[in-house]
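Structure at a glance
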Amino acid sequence: MRTDRAFVWAGLLALVSAGSGSLLAAPDGPLPVRPLRYEIWVELDNAQKMLRGREEITWQNTTRDEVGDIWLHLYWNAFKNEQSAFFREARGQTLARSALPREGEWGWIDISRIALADGRDLKPGMAFATPDGPETEGDQTVLRVPLPEPVPPGGRVALKIEFESKIPRRAARTAYYQDRYFIGQWFPKPGVYEEGKGWNCHAYHENSEFFADYADFLVHITVPQGFVVGASGKLVDAVRDEDRRTETLTYGQTAIHDFAWTADPSFLKVERDFVAADEVTEAEYADLARRLGCSVEDLRLPNVRMILLIAPEHKSQIDRHFRALKAALKYYGLWYGPYPYETITMVDPPFRTGSGGMEYPTLFTAGTSLFPTDRAWSPEGVIVHEFGHGYWYGLVGSNEFEEAWLDEGLNTYSTGKVIAEAYGPGVLSLNLKHLPLDVLFRMPLFLDRELNRAGGLAVVELDPIVTASWRFYSRMSYALNVYQRAATMLETLERLLGEDVMIRVLRAFQMGYRYRHPRSEDFVRTAEQVSGRDLGWFFGQFLYDTLEFDYGVSALHSRELPAADLGVFDRDGRKDEVTPERVKKIKQENKDSAKAYRTEVAVRRFGEAKVGPDFPLTLEVAFEDGSVETRTWDGQSRWQTFRFIKPVKARWARIDPESRWLLDSNLTNNSLRAKPSRAGVWRITGLFLFWVQSALHAAGGLV
């Protein structure tokens, strides 16, 4: 029976207005105003590999500006020709001309009609725009549409759009193979209007992801019968048309800022429930409540419907997928705030669509192989990571064009924490033609933070972490900065502030900026307010600059104190000269006395970055009698020497023995032994091999 769409909208809005319990959990009262409402009808033409759609968009002006136009993203035009910003940048970085789409495999989107709700035609005035400068001339991914009259503050404009799109065979975030599809960034979508600045509506760049306003969606997807569909939001209606041999599925969701879907007739669909009472013990609630300084009731998690779409050949891994998703729902929910939607859909990416490891609100793709191995935490790591984007991209709507680290860095850090808690250390996953090789070798165990450090510190001098995504030196610099260097920065901050304070920082940021558009300065301000510390020195150096952090021990000497000092001394009104022969005599006379040694330890700041005033470095010096002396150094000067008088010699000295400073670019100079040892050679050799291995892993992850 067909459900009336007005009834469906009314039902969705009633759920929201009734409170935050079932559909959305609003942290501070009612949900903020959502400037957009979409209703979209789209049909998949499987034979022609086309989408044909129409949409009704209502946009509300929530600023004090009068707005005389509307800017739309037409993302699929990134795959239309070589003049797009996407292909220009890809060709300059990584893409050979031979790897461009073949004949008939390009993608595009055309607007055949755009009008106001009253029927006034807007198409004659529309024109492509290049907001990112003349270097994007020829790009057709941003469309400017003038309006007959400006939208006043608080006013609304309703648009009716008809469009058709050619699905690209192989592209970023969308593709098809035979009758398998992943469809992302597929509909005309307004940018974000910023008061006093205008439309924030960037081109589709190779490195960048996206930025959009929160909206209410109602989407009707028509596919040939027999296709299994997954989509953002909740399935609210399904209607079969026996004459046309099609099925139309309607999905609805409030307070999300994007919508993606997938269709594949071979999918197995499995549904299970995350039942909070079964996953979280009362002891866990009580412990976290104590650490966060809140009540247990503030932490309780809701139940969530988990949906898995998986290829039949991977069905033996169903339990692994659900276990990982449960861990993500549990720990992201406990630490950063409860997951607020009723459903989460996890997709085993359709074969040969290149759509693995991607995130959209309430839907993400994972990625596995026919022969996954234990302890490699794959697909577990991908599942946790892509679900986590639902927090740092989905619920906190940061601008990924301009400040990608607010999603990628925060989520890489969070993923490592969840994997460590739920699974422990893992091994690198080695594959040859999808066949696992790690079963043949005894691979070392590692935690994510170790790989993050190895990759992130390799690009410190290239770009600040806060850089527009398309303005990084290279794709490698973009990836290692916003993912791994940013995560290492956050790991270091955790070690400086303490784990409990760091959880409070991230939870305050997540819950305080849900359904909003925070910037880097909002995160900095939150960290300072929660910790009660001035952290401008920290973020100024490590977030906004390219300064290398490197402290080390440069010298260590223990020398026996002489029996007397040489030279001439004034004693009892006369000159008394102490000669070497006299020193020998004094030593002989006191041969039974205990020896004393002067130990000198020189520490240096090799890099330009400095520790902050509240976080001095610790120097630890161990002596032959087993004693250990500690000193603190403010680290502001280039070097400082520490002296000790002891009856024994020093064995070794090390700076930052707590290993708080993961941002230190060279750990091999953090310690120094008084006597040469082959152990140092093996240590350096092992470190070198680890760096090589880590670099290969990081490079492989970008392919």
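All values reported here derive from a predicted model rather than from experimental measurement.

Moving on to the packing of helix H6 (residues 318-336) against helix H11 (residues 499-512). Geometrically, a packed helix pair is captured by the angle between its two axes and the distance between the axes. It is the contact of H6 with H11, at a shortest axis distance of 8 Å, that shows an interaxial angle of 90 degrees. Relative to H11, the element H6 is oriented roughly perpendicular. Here Gly333, Leu334, Trp335 and Tyr336 of H6 come into contact with H11, specifically with Ile503, Leu506, Arg507, Gln510 and Met511.

In a beta sheet, neighbouring strands are held together by backbone hydrogen bonds and run either parallel or antiparallel to one another. Strand order in the open sheet formed by 5 strands is S19-S20-S21-S23-S22, and the pairing between neighbours is mixed. Each edge of the open sheet carries a strand with a single partner, namely strand S19 (268-274) and strand S22 (359-360). Of the strands in this sheet, S19, strand S20 (304-310), strand S21 (343-347) and strand S23 (363-365) touch H6, which is tilted by about 145 degrees from S20. Contacting S21, S22 and S23, helix H7 (residues 380-395) runs over the sheet at an angle of about 145 degrees to S23.

Here the focus is the sheet that holds strand S14 (residues 215-224). Spatially, S4-S7-S2-S1-S14-S17-S16 is the arrangement adopted by the 7 strands of the open sheet, whose pairing is mixed. At either margin of the open sheet sits one strand with a lone partner, and together these are strand S4 (108-116) and strand S16 (234-241). Between one strand axis and the next, the sheet turns by 15 degrees as a mean value, whatever way the strands run. Pairing geometry for S14 and strand S17 (residues 246-256), over 9 bridges, is antiparallel. Its bridge partner being in S17, Val219 is matched across the sheet by Tyr251.

Put simply, H7 and H11 touch, their axes get as near as 9 Å, and they point 55 degrees apart. The angle between H7 and H11 places the two elements in the oblique class. Our pair here, H7 against H11, has a crossing hand that is left-handed. Facing H7, whose interface residues are Tyr391, Trp392 and Leu395, H11 presents Leu506, Phe509 and Gln510. The residue makeup of the contact of H7 with H11, split by class, is 5 nonpolar, 1 polar and no charged.

Another point: the environment of Leu428. For Leu428, the location among the structural elements is in the loop between helix H8 (405-422) and strand S24 (431-432). Taking C-alpha positions, Leu428 is 9.5 Å from Ser378, a pair spaced 50 residues apart along the chain.

This part covers the confidence of the model for the chain. Put simply, the chain has an average pLDDT of 90, and 88% of its residues get 70 or more. In this model, residues 1-29 is a region of pLDDT below 50 whose contacts with residues beyond four sequence positions or in other chains number 57 contacts. Note that pLDDT drops below 50 for residues 699-703; the model gives that stretch 4 contacts with residues more than four away or on any other chain.

Inspection of every chain in the model, using the stated rule, returns 45 salt bridges. Notably, a salt bridge pairs Arg245 with Glu242, separated by 3.4 Å at the nearest N-O pair. Close ionic contact of Glu279 with Lys326 constitutes a salt bridge, the shortest N to O distance being 3.6 Å. Taken as a pair, Glu279 in helix H3 (residues 276-279) and Lys326 in helix H6 lie far apart in primary sequence, 47 residues in all. Via salt bridges that share partners, Arg291, Lys417, Glu494, Glu499 and Asp500 belong to a single interconnected network.

Reading the values: the criteria
- Per chain, the residues get numbers from 1 upward, laid out in the order the sequence is written.
- Two thresholds apply to this predicted model, a pLDDT of at least 70 for residue-level local features and 80 or more for giving and counting side-chain atom pairs, whereas whole-chain, interface and lining totals are computed over all residues.
- Derived side-chain values reflect all non-hydrogen atoms in the structure, with water molecules and hydrogen atoms excluded from consideration.
- Axis definition: a line fitted to C-alpha atoms, over the contacting stretch in the case of helices. Angles run 0 to 180 degrees between N-to-C directions.
- The helix and strand labels rest on DSSP assignments: H or I over at least four residues marks a helix, E over at least two residues marks a strand, and numbering proceeds from the N terminus.
- For classification, angles of less than 35 degrees are called roughly parallel, those exceeding 145 degrees roughly antiparallel, those between 65 and 115 degrees roughly perpendicular, and all remaining angles oblique.
- A contact between two residues is defined here by any heavy atoms of the two lying within 4.5 Å.
- DSSP-based pairing: two strands are paired if at least 2 bridges between them are found.
- Crossing handedness is defined as follows: a turn of the near helix away from the far one that is anticlockwise and smaller than a right angle gives a left-handed crossing, while the clockwise case is right-handed.
- When residue character is reported, Ala, Val, Leu, Ile, Met, Phe, Trp, Tyr, Cys and Pro are called nonpolar, Asp, Glu, Lys and Arg charged, and the others, Gly included, polar.
- Per-residue confidence from the prediction method is given by pLDDT, with values spanning 0 to 100.
- Here, a salt bridge means any side-chain nitrogen of Lys or Arg that lies within 4 Å of a carboxyl oxygen of Asp or Glu.

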